[in-house]
Amino acid sequence: MRLVVQVKLLPTPEQAAALEATLHAANRAADLVSRIAFTQRCFRNYDLRKHTYDRIKAEFGLAAQAAQHVIKKVADAYRTLHAGLAAGNLGKPGSARRVKAGSKPITFRVGAAQPYDDRCLSWQLQERTVSIWTVAGRLRQIAFTGSAGQVAMLAAHRRGESDLVCRDGCWYLIATCVLPDVPVTAPDGFLGVDLGIADIATTSDAVRHSGKGLNAVRHRHRRLRRRLQARQTKSAKRLLKRRARKEARFAANVNHVIAKQIVTEAERTCRGIALEDLQGIRERVRLRKPQRVTLHAWSFHQLGGFIAYKAARRGVAVIHVDPAYTSQQCSACGHVDKKNRPDRETFCCTSCGFAEHADVNAARNIASRGAAGWAVSHAA
């Protein structure tokens, strides 16, 4: 299993200037490589080196290893783009978005992340410092800060590349850690999780994680952004920049807390976790304009990812099931009818009279589908 550890660098002003110049040079070189790759229709890493390696070393002052990482970064970007086009993630053939994405070379921000390997970057974990290559030479003893758990994770499991990132004037290193796989314990039943907007997550144990607080924060941030954008003053733009990603960080923290509680309960009771497969729901659902913002701000994919990786670290089984009719099906008798759900919170079966909170009923249906799906997939 792969995890990332992010630590904050504490460079001096001179060191920060050298790091900034390195990122700018690397990304200008990446732009040049991207234009050459697009013009000559050459996207493979090793083929692209023949056309660009010597040129970017001479023009941008990059070392050999840094130049190879720049070329690989461009090749990976085009591989991702072509995979997205093939999967239909950028629209149907002939759509404006798809044509726009494929009709011009990929560009890189001047401050975009740059990958480093162990030849360009070395860690001194005991001293909490790093040594890193820059266009101004090798910078040694750049201090970094991180928790004891992060340092222990780096010491035991760090593998492969690390990314140098500049975000809001602060410098970070994001390192990849490869942890050994934990054997999945055979589940004794499943904990169903129904994902929603009013209630972020509802479990089949009737535990509801309300989204009232998160939705209030989103609405407040939306109103504030609207007022600041209307003013168009320098102070308003500074405040918008300072508040950027604040809402996303708050939502991610809420999702982390909910995911940890769900995984802990499943591990305590020796059960697996059954989640809805909601992939493509934004394209399937048709809503009025005022409701679209709420739907597109719904971070169900992030919560599902948090649950999946936390469960994998503890050996808890996770299965995704078809969400069709889980909100209309009775968890007691299996009867499906639109009239079973007269409003958002109420479920009352028109066949057997069973009544329950609508989200709890849906979570129980998800749990039963998870148990059936697990039995079929592990029948051998």
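Look up: the structure comes first, before these words.
To keep things clear, this report deals only with the structure shown in the data block. (Residues numbered from 1 in each chain as written. Predicted model: local features only at pLDDT ≥ 70, side-chain atom pairs only at ≥ 80, totals over all residues. Heavy atoms only, no water.)

## Some words on the pattern of salt bridges
Turning to step 1, where the next piece is worked out: Tallying each qualifying case throughout the model produces 17 salt bridges.
Turning to step 2, where the next piece is worked out: Arg79 is the partner of Asp76 in a salt bridge, and the nearest nitrogen-oxygen pair spans 2.6 Å. With Asp76 and Arg79 both in helix 3 (residues 64-87), this residue pair falls three residues apart, about one helical turn.
Turning to step 3, where the next piece is worked out: Residue Arg79 is classed as exposed on the basis of its relative accessible area, which comes to 51%.
Turning to step 4, where the next piece is worked out: Residue Glu267 is joined to Arg314 by a salt bridge in which the shortest nitrogen-to-oxygen separation is 3.1 Å. Taken together, the residues span a long stretch of sequence, with Glu267 in helix 8 (residues 246-268) and Arg314 in helix 11 (residues 300-314) at a distance of 47 residues.
Turning to step 5, where the next piece is worked out: The exposure class of Glu267 is partly exposed, given its relative accessible area of 37%.
Turning to step 6, where the next piece is worked out: Given a relative accessible area of 31%, Arg314 falls into the partly exposed group.
Turning to step 7, where the next piece is worked out: Connected through shared salt-bridge partners, Asp205, Glu265, Arg268 and Arg271 make up one network. (Salt bridge = Lys/Arg side-chain N within 4 Å of Asp/Glu carboxyl O. Helix = DSSP H or I, 4+ residues; strand = E, 2+ residues; numbered from the N terminus. Buried < 20%, exposed > 50% of the residue type's maximum accessible area, 1.4 Å probe, protein only.)

## Thoughts on the packing of helix 2 (residues 45-60) against helix 3
Turning to step 1, where the next piece is worked out: In contact at an axis separation of 9 Å, helix 2 and helix 3 are set at 135° when each is read in the N-to-C sense. The pairing of helix 2 with helix 3 is recorded here as oblique in orientation. In this structure, helix 2 crosses over helix 3, and the sense of that crossing is right-handed. Contact with helix 2, carried on its side by Asn45, Leu48, Arg49, Thr52, Tyr53, Ile56 and Lys57, involves Ala64, Ala67, Gln68, Val70, Ile71, Lys72, Val74 and Ala75 of helix 3 and no other residues of that element.
Turning to step 2, where the next piece is worked out: Here the contact of helix 2 with helix 3 is composed, by residue class, of nine nonpolar, three polar and three charged. (Axes fitted to C-alpha atoms, helices over the stretch in contact; angles between N-to-C directions. Parallel < 35°, antiparallel > 145°, perpendicular 65-115°, else oblique. Left-handed = near helix turned anticlockwise from the far one by under 90°. Contact = heavy atoms within 4.5 Å. Nonpolar A, V, L, I, M, F, W, Y, C, P; charged D, E, K, R; others polar.)

## Here's the deal with the nonpolar core
Turning to step 1, where the next piece is worked out: Of all hydrophobic cores here, the largest spans 51 residues; its most connected members are Leu9, Ile56, Leu62, Trp123 and Leu164.
Turning to step 2, where the next piece is worked out: With twelve residues, helix 1 (residues 13-40) is the largest single contributor of residues to this core.
Turning to step 3, where the next piece is worked out: Counting 22 residues, the second-largest nonpolar core is a separate cluster that includes Leu214, Ile258, Phe306 and Val316. (Core = buried A, V, L, I, M, F, W, Y, C linked by side-chain atoms within 4.5 Å.)

## As for the sheet that holds strand 10 (residues 208-210)
Turning to step 1, where the next piece is worked out: Taken together, the five strands give an open sheet; going across it, the order is 10-9-8-11-12, and neighbouring strands pair in mixed fashion. Looking along the sheet, the strands with just one partner apiece sit at the ends: strand 10 and strand 12 (318-321). For this sheet, the mean angle separating the axes of adjacent strands, direction not counted, is 20°.
Turning to step 2, where the next piece is worked out: Here strand 8 (residues 190-195) runs beside strand 9 (residues 199-203); their pairing, made up of three bridges, is antiparallel. The residue of strand 9 that forms the bridge with Asp194 is Thr202.
Turning to step 3, where the next piece is worked out: On the sheet, helix 12 (residues 358-377) packs against strand 8, strand 9, strand 11 (272-276) and strand 12 and is oriented at approximately 130° with respect to strand 8. (Pairing = 2+ DSSP bridges.)

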